[in-house]
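One-letter residues, chain by chain:
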Amino acid sequence: MLDSQTIATVKSTIPAIAALGPRLASHFYQRMFTHNPELKDIFNMSNQSSGNQPEALFNAVCAYASHLDNLAALGPAVEKIAQKHTSFAIRPDQYPIVGKHLLASIDEMLHPGEEVLEAWRKAYGVLAGIFVQREEEIYEEGEFKTGGWRGGKREFIISEIAPQSTMIKSFLLTPSDGKPVADYKAGQYIALWVRDPSFANQEIRQYSLTRTPNGRDYRIAVRHEQGGTLSSWLHQQQPGVHLHLAPPAGDFFIDVAADTPVTLISGGVGLTPMLAMLHKLAEDQHPAAVQWFHATENGATHAFADEVAQLGQQLPQFSQQIWYNHPQAQDEGKYQHRGLMNLLPLESRLSDPTMHYYLCGPLAFMEIIEKRLLELGVERDRIHYEVFGPHKAL
C-alpha cells in the first residue's frame, strides 16, 4: 500500500501531466524503443504512428494517478489491460524497463525533482505488482486447462480461408501438433504472432473468435485494412501457412441468465465477437428475446449474413435489423434501414428494463450507439462493449 504522502505527491503532478497531453506518452515510447528496440516485436507499431497507443497510455497514467487512494476503482481497466498483456506474453522482467523509461520521461519533460520521482517510482511499483499478479493468474489458467498453453509459442496452420464479404475473410486455425485446443468464452479473442521477411518487426494482433469452442481449432475473421501490415499479409495467404498463437483472452464475453433478453449491436467487422455470442445463444437455445442489429455499407460488405440467419432460426425469439449506408440495386430485401444506424425509431424494441446490450464496431459508432441507448433510458451497467486496438472509454 502507498502512504498518504506518496499519494498526495503523485496527485499533485496530475495538472502538469494533463497539460502535456499524449506528448508525454509519445516521448516515453520513443525513448523506450530507442533504448530497447527489442520491444518493437511486442508493441503494435501501427498504433504508435497513428497516435492511438500514446493516447491510451496517457489516459491510463492520468486515471491511475487520480485513483491511487481507491485502486479498486481501477479493477475493470486492470483486468482489460492484463488480459491483453497476456496475449502479448508480457513478462514480469519487462515492467522495470517500462518503469525506467516512464520515470525518465516525466523527469525530462517536467523536471519535478527527486521527491516527485520517488513518489512515482513507488506508485509504479505498486501498479506493476498488481499487473504481474493478475497476469500470472491468467497465464496459469490458460496453461493448465485442457488444450491450454502459455504465451505465443504454440504453432498453428491456416487450414481454411473463406471470403465472407468483399473486405472480410475468415481463417480456420488448426494446431500443428494435432492436439486439443483450449476452450474460451464467446466474445474473447486470440492473438496471432507472425514473423515474415517483409515485416520490420514481429507482428502481434488480436482477432475475435467467431464461434463457440469445439476443442479442435479456432476461427477468426479479418477485415483487410488499407495499409494494415498483418491484415494485408493474411489476405494474401493460402491454406498451409504456419503461424503462432497465444491462448484465448479478453474480458468481453456474453454472460447472461436464460431469462435475460439480449441485443447484439455491431458496425462493420465489429460483428466478429457478436457472431460468437450469437453462436453461444443459439447453442443454448436461449429462450429470451435475442435481437441482432448490424450496420454496414451494402450487401457486398455484409459478412456472415447467411450464418446469422441460420443461427437465428435456432432461437425461439430472434429478430434482426440491418442498416445499409449506401445500398446497391441488388440489395433489395437484404436490409431494413437505409443510412447510418439510428436506434431512436426502434425505442419500443429497446424498452425492456432487463435487456443487456453488447456493442462492437468503430469507436465513433459505439460512442453514438451508447449515447442513444442512454437517451432511451438504458442503464449504463447493461451496456457492454469492446474497442479494437488500444482501449478507450466511450
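Residues numbered from 1 in each chain as written. Predicted model: local features only at pLDDT ≥ 70, side-chain atom pairs only at ≥ 80, totals over all residues. Heavy atoms only, no water.

1. Observations concerning the side chain of Arg382
Then, number 1: Its place among the elements puts Arg382 in the loop between helix 12 (363-375) and strand 12 (383-386).
Then, number 2: Residue Arg382 is classed as buried on the basis of its relative accessible area of 7%.
Then, number 3: A polar atom in the side chain of Arg382 sits 2.5 Å from the backbone oxygen of Met355.
Then, number 4: In this structure, Arg382 is in contact with Asp352, Pro353, Thr354, Met355, His356, Tyr357 and Gly377, ignoring residues within four places of it in sequence. (Helix = DSSP H or I, 4+ residues; strand = E, 2+ residues; numbered from the N terminus. Buried < 20%, exposed > 50% of the residue type's maximum accessible area, 1.4 Å probe, protein only. Polar contact = N/O pair within 3.5 Å; in protein donor to acceptor, adjacent residues only side chain to side chain. Contact = heavy atoms within 4.5 Å.)

2. Structural notes on helix 10 (residues 271-283)
Each turn of an α-helix holds 3.6 residues, which means side chains three or four residues apart point in the same direction.
Then, number 1: Here helix 10 is 13 residues long and its end C-alpha atoms lie 18 Å apart, about the 18 Å a rise of 1.5 Å per residue gives.
Then, number 2: Counting buried residues along helix 10, 11 of its 13 residues qualify, which places the element largely inside the surrounding structure.
Then, number 3: Buried within helix 10 we find Leu271, Thr272, Pro273, Met274, Leu275, Ala276, Met277, Leu278, His279, Leu281 and Ala282.
Then, number 4: A positive backbone phi angle near 50° is found at Gln285, which sits one or two residues after helix 10. (Expected span 1.5 Å × (residues − 1).)

3. A short note on helix 1 (residues 4-12)
Then, number 1: Within helix 1, the full set of buried residues consists of Thr6, Ile7, Thr9 and Val10. All buried residues of helix 1 lie within an arc of 165° about the axis, which places them on one face of the element. Away from the buried face of helix 1 by more than 90 degrees, exposed residues Ser4 and Ser12 are located.
Then, number 2: Residue Asp3 occupies the N-cap position of helix 1, its side-chain oxygen lying 3.1 Å from the main-chain nitrogen of Gln5. (Arc of directions from axis to C-beta.)

4. Points about the packing of helix 1 against helix 8 (residues 114-144)
Then, number 1: Contact pair helix 1 / helix 8: the axes reach a minimum separation of 9 Å and the direction vectors enclose 110°. The angle between the axes of helix 1 and helix 8 places the two elements in the roughly perpendicular class. In this structure, helix 1 crosses over helix 8, and the sense of that crossing is left-handed. Residues Gln5, Thr6, Thr9 and Val10 of helix 1 form the contact with helix 8, whose participating residues are Glu115, Val116, Ala119, Trp120, Lys122 and Ala123. (Axes fitted to C-alpha atoms, helices over the stretch in contact; angles between N-to-C directions. Parallel < 35°, antiparallel > 145°, perpendicular 65-115°, else oblique. Left-handed = near helix turned anticlockwise from the far one by under 90°.)

5. Observations concerning the pattern of salt bridges
Then, number 1: In the structure shown here, the tally under the stated rule is 22 salt bridges.
Then, number 2: The closest approach of N and O atoms between Glu370 and Arg380, which form a salt bridge, is 3.1 Å. Of this pair, Glu370 sits in helix 12 while Arg380 sits in the loop between helix 12 and strand 12, and the two are 10 residues apart along the sequence.
Then, number 3: Taking the relative accessible area as the measure of exposure, Glu370 reaches 9% and is therefore buried.
Then, number 4: Through salt bridges that share partners, Glu79, Arg134 and Glu137 make up one connected network. (Salt bridge = Lys/Arg side-chain N within 4 Å of Asp/Glu carboxyl O.)

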